[in-house]
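Overview (structure and organization)
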There are 2 protein chains.
Amino acid sequence: MALTGKERLLAIVGDRFLKIASAVFVVLLALLFATVPAQAQTDPLPSWNDGAAKKAIVDFVKDTTTPGSPKFVPPEERIATFDQDGTLWVEQPLYSFVMYALEQVPALVKAKPELAKAAPFSTVLEILKGDRAAMAKLTMPDLEKILAATYTNRSVDQFNAEVTKWLAEAKDPRWKKPYTELTYLPMQEVLKYLRANGFKTYIVTGGGQDFVRTYSDKVYGIPPEQVIGTAGVLKYMVAKHGKPYLFKEPKVLLNDNYTGKPEGIHLMIGRRPVLAAGNSTGDQQMLEYTKGGDGARLSMLVLHDDAKREYAYGPAQGLPASKVGTFTQALYDEARKQGWIVISMKDDWKKVFAFEP
Amino acid sequence: MALTGKERLLAIVGDRFLKIASAVFVVLLALLFATVPAQAQTDPLPSWNDGAAKKAIVDFVKDTTTPGSPKFVPPEERIATFDQDGTLWVEQPLYSFVMYALEQVPALVKAKPELAKAAPFSTVLEILKGDRAAMAKLTMPDLEKILAATYTNRSVDQFNAEVTKWLAEAKDPRWKKPYTELTYLPMQEVLKYLRANGFKTYIVTGGGQDFVRTYSDKVYGIPPEQVIGTAGVLKYMVAKHGKPYLFKEPKVLLNDNYTGKPEGIHLMIGRRPVLAAGNSTGDQQMLEYTKGGDGARLSMLVLHDDAKREYAYGPAQGLPASKVGTFTQALYDEARKQGWIVISMKDDWKKVFAFEP
């Protein structure tokens, strides 16, 4: 085909234009993708001080996610499990899932006035009136009775509604803030950092499974199906008008503490975690189980050694003993022996809470 | 700033060039995205005949995933639960998780020769030698005894290794193929179609949870943490050399049949499914529970009415009765009344298995 001078010129211009346009396209694409590594290079854990704990976390994530690394873990096996109370949020002076049970007692007594004079409910009323010393009167069976009365013998939907209402109104006694704001910013960063690197994050809590599931997604970005907790027997029922629902029976199915943590993890996940974090003797078996797997594994313990910004309790490392979130010296020594990371709240965390100035 | 003639020309050319280049970029981007709807328009369920069942599935997915639709379901709530035996793969002449137990008996007898003459193990040996009539001798307690002997009193790791070995060698008696190839192609398409539309797919099986988890990812693309099944009590143990593991105790924790299905779903997921599929009376409560939620819900039952390509059994709709995967007329009538979709294997499926010509 013969081309006129004008056509030839257009062909040349068109060809040049196409070349230039595709070069521009490549440059624009390159610019687009160039921002990705730049973002990845920003500090993923800005609330952490530089130190052994932060380095261990960052190194672990790099080692397990870099293709070709001898410690590489395929994405589907990147399971990370976190205790909640004392690991992701404040557990002092009392676990919030227990605080919930105590603060539900007035409503319980209103519905059944005869409970007002019956222990342990009468004792709880004294505590709520400000008699802190009455707390010591509560035995473990008392506590179980209170938990059964406030967590069971109702439908799942009713329970969820009661918890949601309480969480919206209840305030922590020290900071006068909703419990859901008392999460540790550095641990929130770890959760996000892990998820950004293909890890599936789970909560494995001694607290009530249904309780934690009401807020886990909003507070931690962890959906209900990734919350494992102490769970009761359920009973499938069909309402008179034909609507089926689940009723919470007053019987424990899974006590998600101590050996119950790895047992619950297998029941609900079916894989051994590659990373786990806890803060007390109730987490010991989960950390052992995690670290006991083949390949790269990271187990971590949060040590509450910061009375100023949060609380200081152990009794590990000479810290005051505590019945809530007990961290014994034996656990501390096992951590050191097994190569678990001990996170010092005082030394490792720049900030504890997001609301700090 | 004064511009020379050449500079002015360059500025104009540069400006025009930028305008053209960005137009090209927009066009290229548009072309890039234009391929997406084109792909979405291909048939997502090619092994299904056009009919009420296929239409119901496609309409449901469109309705629940189209933003602004009154039936829209947010991605995090798109939970779909599937029974396995008879819904995702063949369950006749016997559930493969039971076939596994029977075929493990010779190894059991080899380890403990005294079992060779003790019922029910002696009966199983007769069945395996070809005495089909001996099958009728097995009572429910017999079966429980055999399941306990082959599924429990060993570590999770040992059990997984035994199942994996069996699955690699065992063949179905009719097609002489590995059990893992006897999945229904149309249901595999439904699983993929749902996942491509943001649904999280779960197996909810009466079979052993650990059993199904060994192959669920490979066979269905469903990871172990999305398999809910009949599960036993676990015991956390630490080996002499210090390695922690889980031991399968001979005690049932969750019987994932009938009411156990919705109970297991809440325990493991904590949300009510929006879609569920089953094929027998053991799935009835899961389908009721699913359909009983607010908003758009789809419950489905597979009817085995195709003796030529698979099996025909009920006794719904005059099909022969079966102890394995019983589908009563009452269940069929409830399905029609409640608006559940009944999938006719004969009429709704173009192909049953991927290996068909």
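Residues numbered from 1 in each chain as written. Chains lettered and ligands numbered in written order. Predicted model: local features only at pLDDT ≥ 70, side-chain atom pairs only at ≥ 80, totals over all residues. Heavy atoms only, no water.

**Overview of the overall build of chain A**
For chain A, the count of helices and strands is 13 helices and eight strands. For chain A, the proportion of its 357 residues judged to be buried stands at 52%. Of the roughly 16,700 Å² of accessible surface on chain A, 59% is carried by carbon and sulfur atoms. (Helix = DSSP H or I, 4+ residues; strand = E, 2+ residues; numbered from the N terminus. Buried < 20%, exposed > 50% of the residue type's maximum accessible area, 1.4 Å probe, protein only. Areas by Shrake-Rupley, 256 points an atom, 1.4 Å probe, with all protein chains shown as cover.)

**Some thoughts on the interface of chain B and chain A**
The partner chain A presents 43 residues to the 43 residues of chain B that form the contact. Here chain B and chain A share an interface that buries about 3,800 Å² over both sides, 62% of which is from carbon and sulfur atoms. Considering only the side of chain B, the residues that lose the most area to chain A are B:Glu225, B:Tyr236 and B:Leu267, jointly responsible for 19% of the buried surface there. There are six salt bridges connecting chain B and chain A. A salt bridge links B:Asp294 to A:Lys243; its shortest N-O distance comes to 2.9 Å. Taken together, the connections running from chain B to chain A amount to 24 residue pairs in polar contact (both at pLDDT 80 or more). When contributions to the side of chain B that touches chain A are tallied by element, the ones reaching two or more residues are helix H1 (5-40), helix H6 (156-169), strand S3 (200-208), helix H8 (209-213), strand S4 (227-238), strand S5 (244-254), helix H10 (260-268) and helix H11 (284-291) of chain B. Looking at the side of chain B that touches chain A, its residues break down into 24 nonpolar, seven polar and 12 charged. (Contact = heavy atoms within 4.5 Å. Buried area = accessible area lost by both parts, 1.4 Å probe. Salt bridge = Lys/Arg side-chain N within 4 Å of Asp/Glu carboxyl O. Polar contact = N/O pair within 3.5 Å; in protein donor to acceptor, adjacent residues only side chain to side chain. Nonpolar A, V, L, I, M, F, W, Y, C, P; charged D, E, K, R; others polar.)

**A look at the sheet that holds S4(B)**
Residue and element names in this part refer to chain B. Spatially, eight strands are ordered S2-S5-S4-S3-S1-S6-S7-S8 in an open sheet, and the strand pairing comes out mixed. Taken across any chain shown, the strands that pair with only one partner, and hence form the sheet edges, are strand S2 (154-155) and strand S8 (341-344). Two strands pair when backbone bridges link them, and strand S6 (residues 275-278) and strand S7 (residues 298-303) are joined in this way by four bridges, in the parallel orientation. Across the sheet, glycine 278 pairs through a bridge with leucine 301, a residue of S7. Sitting on the sheet, helix H7 (residues 185-196) is in contact with strand S1 (79-82), S3, S6 and S7, with an inclination near 165 degrees to S1. (Pairing = 2+ DSSP bridges. Axes fitted to C-alpha atoms, helices over the stretch in contact; angles between N-to-C directions.)

**Re the side chain of B:Thr152**
Residues and elements named next belong to chain B. As for its position among the elements, threonine 152 is in the loop between helix H5 (140-151) and S2. Here the side chain of threonine 152 touches alanine 148 through a polar contact of 2.5 Å, landing on its backbone oxygen. What threonine 152 contacts, discounting residues up to four positions off in sequence, is Leu147, Lys248, Glu249 and Pro250.

**Remarks on the sheet that holds strand S3 (residues 200-208) of chain A**
Spatially, eight strands are ordered S2-S5-S4-S3-S1-S6-S7-S8 (chain A) in an open sheet, and the strand pairing comes out mixed. Strands at the two margins of the open sheet, each flanked by one partner only, are strand S2 (154-155) and strand S8 (341-344) of chain A. Bridging between strand S7 (residues 298-303) of chain A and S8(A) involves four bridges; their strand directions are parallel. Looking across to S8(A), one finds that A:Leu301 is bridged to A:Val342. Against the sheet, H10(B) makes contact with strand S4 (227-238) and strand S5 (244-254) of chain A, and its axis sits at roughly 155 degrees relative to S4(A), the strand it touches most.

What is shown is where atoms sit, not what they do.
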